[in-house]
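# Tertiary structure, described
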Amino acid sequence: MMAAFAPGLVAFGACLAILPLLRREHTLARIMMTGMSFVLLLHYFVWRVTQTLPPLGLTADAVVGYPFVAAEAASMIAVCLSLLFLSRTIDRSPEVNAILRRSRAPTDAPLVDVFICTYNEEKAILERTIIGATGLNYPNYRVWVLDDGRRLWLRRLAQELGCNYLTRPDNRHAKAGNINHGLHHVSALPDRPEFISILDADFVPMPDFLTRAISLMQDGTVGVVQTPQHFINPDPIQTNLAATDVWPDEQRFFFDILMPAKDAWGTAFCCGTSSLIRFSGLMQIGGFPTDSVTEDYLVTLRLKERGLRTVYLNERLTIGLAPEGLKEYITQRGRWCLGFMQIFRGRSGPFSRQSRLAFMDRLSLVDAFMSWAAVYGTKVFGLVVPWLFLLFGIKAVHADLFELLTYFLPFYVWHAFTMAWISRGRSLAIMTDVSQYIAAPAVLKAVVTGLVKPQGHKFKVTAKGGDRNRRFIEWPLLRLYGGALLITLVAIAYAFILHLRGDSIAYGGLALAWSLYNCVVLAIVCFICIEQPRRRKAERFERDEPILVHEGAEPRLVRMADISISGARFIDPAPPAIGALIKCNVYGQSVTATVVRRTRDGFGVRFEDAVATRINVVRAFYAGEYVRAFHGVRAAPVGKALLMRLFG
């Protein structure tokens, strides 16, 4: 046993000794860590292919074993490509700061048209976005609400908030068609824009969004400046695991770590919302492409063929809504995967002869394809292979647990440390597995559908808002993974209690350890399938600061306990009566509020509903630092949260 664990312990000790000496932004340090991961993975896979495969033949072991090792090989190619791209990173904020210090006069600012794309979002969501967009600290821009829902109340809201409103007679080509209709309209105006900024209906820009993004457009080879998506609300994984305070939303690894790495290799891509795009480039490619439901990624590829690249500014400049329910989360991932498969099969795919993309762009497309198809496909084998041995004695892997530990554990330990170090804790193996299993059914369906029939699919909108007040169970997913958990437990009981055999003792340790890990992951997934209620329409954020309030003519200091865009809670030993009107200095201004409840240690208020007040509150709120940013994630608090959810 000690001999089996020894290589893994050496890798563990080496990581503990080396990582404190390295800086993650240095390319050489990243190459060293990712390169060693690659060497250890190769060492494991050579052993896997040469020592663990069943004999060739029409046996159950071979029928399962060879497809499984092929899936493993594909998954490992995906890991290697990921390691390659993560070996570099870039931070463009210093470049932006330098440009702004020597920037030209505001009167020379190029015209930007800001497009807010909407279909069926509710008024409260759209109002925040329009208010934020019309309050940008940029001297020369117009805001257009592109309404594919043709709603009269939205036309009135746009007029009330001082922006332009556009609609069209049909919904052809969904979001891409909506944007292209807007492009056609502004191209016919006497003052055509130089740049187009895209905002989804739920993404509120911060005041400096345009000023900072447009600075990178001084380089004429830049066609798109993409900024990350940050979210004001927790995603379903955070909410349903009660882990909001210790675990970031699932997209933080992509936007905070992977996209800067892709940018360092020149392969960053447009993600739709929160982007700035050169208008002349869009006109050259005929607007947004309509041959994929992920038209944003395709924009990057088509512009790249025209010599215009995409750069990534990793700054929090817009704040939107993460999918609020599991169904919406799954729909979004399925659409992304389907859209990519359409790109993969289309004329801008990595193996297309019509494409003029460079080698690294093609390799980046292969990387994305393997991440969708190979990684998620291997997850199915990861569940089924242990069952087949425990229930039927089918040995897809001819090795025992100690042999596997000798070769696999060093890679697993080193790679886990490497990913946690590069991502500041945003990549934890068990949480990665959980998120992948949740999306796996929709992703695998999208992979097959997109490859077999790449055209003719409708754009599925990710629903935002709505009633989230009740607990809800996502039964299709719960039945699937609850059933998988039950089969795993039955297989363990059958092999080690009801039908214990000699080969179960010899080879069963591997299947048992594998199955127990699967049980933990499946249990977490099942808990996530139980949607927890979200009773607040506006997210609240904890504060601890003195606030001056006026009740009548008498001013006094109280402490703010939390705040949202609709109200706040104060700590006060002598709270006002319910229904009393007070003035409070929040967001740097005096806001009228009504006392709506008394609490154990104070009182809660609702801010005045006047249009002017809402405008000031929304702009001040989204200009502040109320939304928590995860600069680093530690494994221990995440593990504690998972244990509390599983056994609490």
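In what follows, the structure referred to is the one given above.
Residues numbered from 1 in each chain as written. Predicted model: local features only at pLDDT ≥ 70, side-chain atom pairs only at ≥ 80, totals over all residues. Heavy atoms only, no water.

What follows concerns the overall build of the protein. For the protein, the helix and strand inventory stands at 20 helices and 18 strands. A globule of 648 residues ought to have a C-alpha radius of gyration of about 26 Å, and the protein, at 27 Å, matches this closely. Along the first, second and third principal axes, the C-alpha atoms of the protein reach 85 × 65 × 50 Å. Residues counted as buried form 55% of the 648 residues belonging to the protein. Taking as baseline every contact in the protein between residues at least 6 positions apart, the subset at least 24 positions apart corresponds to 77%. (Helix = DSSP H or I, 4+ residues; strand = E, 2+ residues; numbered from the N terminus. Rg over C-alpha atoms; globule rule 2.2 N^0.38 Å. Buried < 20%, exposed > 50% of the residue type's maximum accessible area, 1.4 Å probe, protein only. Contact = heavy atoms within 4.5 Å.)

Moving on, we come to the state of the cysteines. Should the sulfur atoms of two cysteines be covalently bonded, the bond is a disulfide. By the definition in use, this model includes 0 disulfides. Free of any disulfide, cysteine 163 has its nearest neighbouring cysteine sulfur in cysteine 117, separated by 13 Å. With no disulfide of its own, cysteine 529 lies 5.8 Å from the sulfur of cysteine 526, the closest cysteine sulfur. We classify cysteine 529 as buried; its relative accessible area is 0%. (Disulfide = S-S within 2.5 Å.)

This brings us to the environment of glycine 552. In this fold, glycine 552 is placed in the loop between β13 (541-551) and β14 (554-563). Separated by 29 residues in sequence, glycine 552 and leucine 581 place their C-alpha atoms 8.1 Å apart.

Turning our attention to the sheet that holds strand β7 (residues 230-231). Across the sheet, which stays open at both edges, the 3 strands sit in the order β5-β10-β7 with mixed pairing between neighbours. Strands at the two margins of the open sheet, each flanked by one partner only, are β5 (204-205) and β7. Here β5 runs beside strand β10 (residues 318-320); their pairing, made up of 2 bridges, is antiparallel. Each bridged residue has a counterpart across the sheet, and for valine 204 the counterpart in β10 is isoleucine 319. (Pairing = 2+ DSSP bridges.)

As a further point, take a nonpolar patch on the surface. A contiguous nonpolar patch, built from Met1, Met2, Phe5, Leu9 and Phe402 and spanning about 540 Å² of accessible area, is present on the exposed surface. With 3 residues, the top contributor of residues to the nonpolar patch is helix α1 (residues 2-18). Relative to the elements of secondary structure, leucine 9 occurs in helix α1. The exposure class assigned to leucine 9 is partly exposed, which follows from its relative accessible area of 48%. (Patch = residues over 30% accessible without salt bridge, like charges linked within 9 Å, V, L, I, M, F, W, Y side chains within 5 Å. Areas by Shrake-Rupley, 256 points an atom, 1.4 Å probe, with all protein chains shown as cover. Salt bridge = Lys/Arg side-chain N within 4 Å of Asp/Glu carboxyl O.)

Bringing the nonpolar core into the picture now. Among the nonpolar cores identified, the biggest contains 76 residues, and Leu241, Phe340, Met431, Ile438, Tyr481, Val525 and Ile528 are the most heavily contacted of them. Residue contributions to this core peak at 15 residues, all from helix α14 (residues 359-392). Core analysis: the next-biggest nonpolar cluster, separate from the first, contains 68 residues, Val114, Tyr138, Leu210 and Val549 among them. (Core = buried A, V, L, I, M, F, W, Y, C linked by side-chain atoms within 4.5 Å.)

Here strand β1 (residues 112-118) lies mainly inside the structure; 7 of its 7 residues are buried. Of the two faces of β1, the one carrying Val112, Val114, Ile116 and Thr118 and the one carrying Asp113, Phe115 and Cys117 are both buried. Of the crossover connections in this fold, the one passing from β1 over helix α5 (residues 123-133) to the parallel strand β2 (residues 141-147) is right-handed. (Right-handed = clockwise from strand over helix to strand, strands pointing away.)

Generally, phi is negative for residues other than glycine and the peptide bonds are trans, each holding for most cases. Here histidine 173, not a glycine, exhibits a phi torsion of approximately 65 degrees, which is positive. One can find histidine 173 in the loop between β3 (164-167) and α7 (174-187). By relative accessible area, which is 37% here, histidine 173 ends up partly exposed.

Counting buried residues in β2 gives 7 out of 7 residues, a clear majority hidden from the surface. Both faces of β2 are covered, namely the face carrying Tyr141, Val143, Val145 and Asp147 and the face carrying Arg142, Trp144 and Leu146. Inspection of the sheet shows β2 paired to β3 by 4 bridges, in the parallel sense. Bridging across to β3, leucine 146 finds its partner in leucine 166.

With that settled, the discussion passes to the packing of aromatic side chains. Taken as a whole and assessed by the stated rule, the structure comprises 22 aromatic pairs. Centroid distance phenylalanine 12 to phenylalanine 417: 5.4 Å. Interplanar angle 70 degrees. Geometry classified as edge-to-face. Taken together, the residues span a long stretch of sequence, with phenylalanine 12 in helix α1 and phenylalanine 417 in helix α15 (residues 401-423) at a distance of 405 residues. Relative accessible area serves as the criterion here: at 22%, phenylalanine 417 is assigned to the partly exposed category. Relative to phenylalanine 411, the ring of phenylalanine 408 has its centre 6.0 Å away and its plane inclined at 55 degrees; by these criteria the two rings are tilted. Here the residue phenylalanine 408 and the residue phenylalanine 411 both occupy positions in helix α15, the gap between them amounting to 3 residues, near one helical turn. A relative accessible area of 7% means that phenylalanine 411 is categorised as buried. A network of ring pairs unites the aromatic residues Phe254, Phe255, Phe269, Tyr297, Phe340, Phe344, Phe351 and Phe369 as a single cluster. The positively charged end of lysine 262 is found above the aromatic ring belonging to phenylalanine 85, 4.1 Å away from the centroid. Geometry around tyrosine 437 places lysine 379 over its ring, the cationic atom sitting 5.8 Å from the centre. (Phe/Tyr/Trp six-rings, centres within 6.5 Å; stacked < 30°, edge-to-face > 60°. Lys NZ or Arg CZ within 6 Å of the ring centre and 35° of its normal.)

With their axes 7 Å apart at the nearest point, α1 and α15 run at an angle of 10 degrees to one another. In terms of orientation, α1 and α15 fall into the roughly parallel class. Considering only the axes of α1 and α15, their crossing is right-handed. Where α1 abuts α15, its residues Ala3, Ala4, Phe5, Pro7, Gly8, Ala11, Phe12, Ala14, Cys15, Leu16 and Ile18 lie against Phe402, Leu405, Thr406, Leu409, Pro410, Val413, Trp414 and Phe417. (Axes fitted to C-alpha atoms, helices over the stretch in contact; angles between N-to-C directions. Parallel < 35°, antiparallel > 145°, perpendicular 65-115°, else oblique. Left-handed = near helix turned anticlockwise from the far one by under 90°.)

Glancing now at the side chain of serine 348. Among the secondary structure elements, serine 348 is positioned in the loop between α13 (326-345) and α14. Here arginine 302 takes part through its side chain, which lies 2.9 Å from a polar atom of the side chain of serine 348. (Polar contact = N/O pair within 3.5 Å; in protein donor to acceptor, adjacent residues only side chain to side chain.)

Let's shift gears to the sheet that holds strand β8 (residues 275-278). One open sheet holds the 7 strands; their spatial order is β3-β2-β1-β4-β8-β6-β9, and the pairing between them is mixed. The open sheet terminates on both sides in strands that have one partner only, identified here as β3 and β9 (309-312). Taking each pair of neighbouring strands and ignoring which way they run, the sheet shows an average axis angle of 25 degrees. Contacts from helix α10 (residues 252-264) reach β6 (222-226) and β9, with the element oriented near 140 degrees to β9. Lying over the sheet, helix α12 (residues 295-305) contacts β6, β8 and β9, oriented at roughly 155 degrees with respect to β6.

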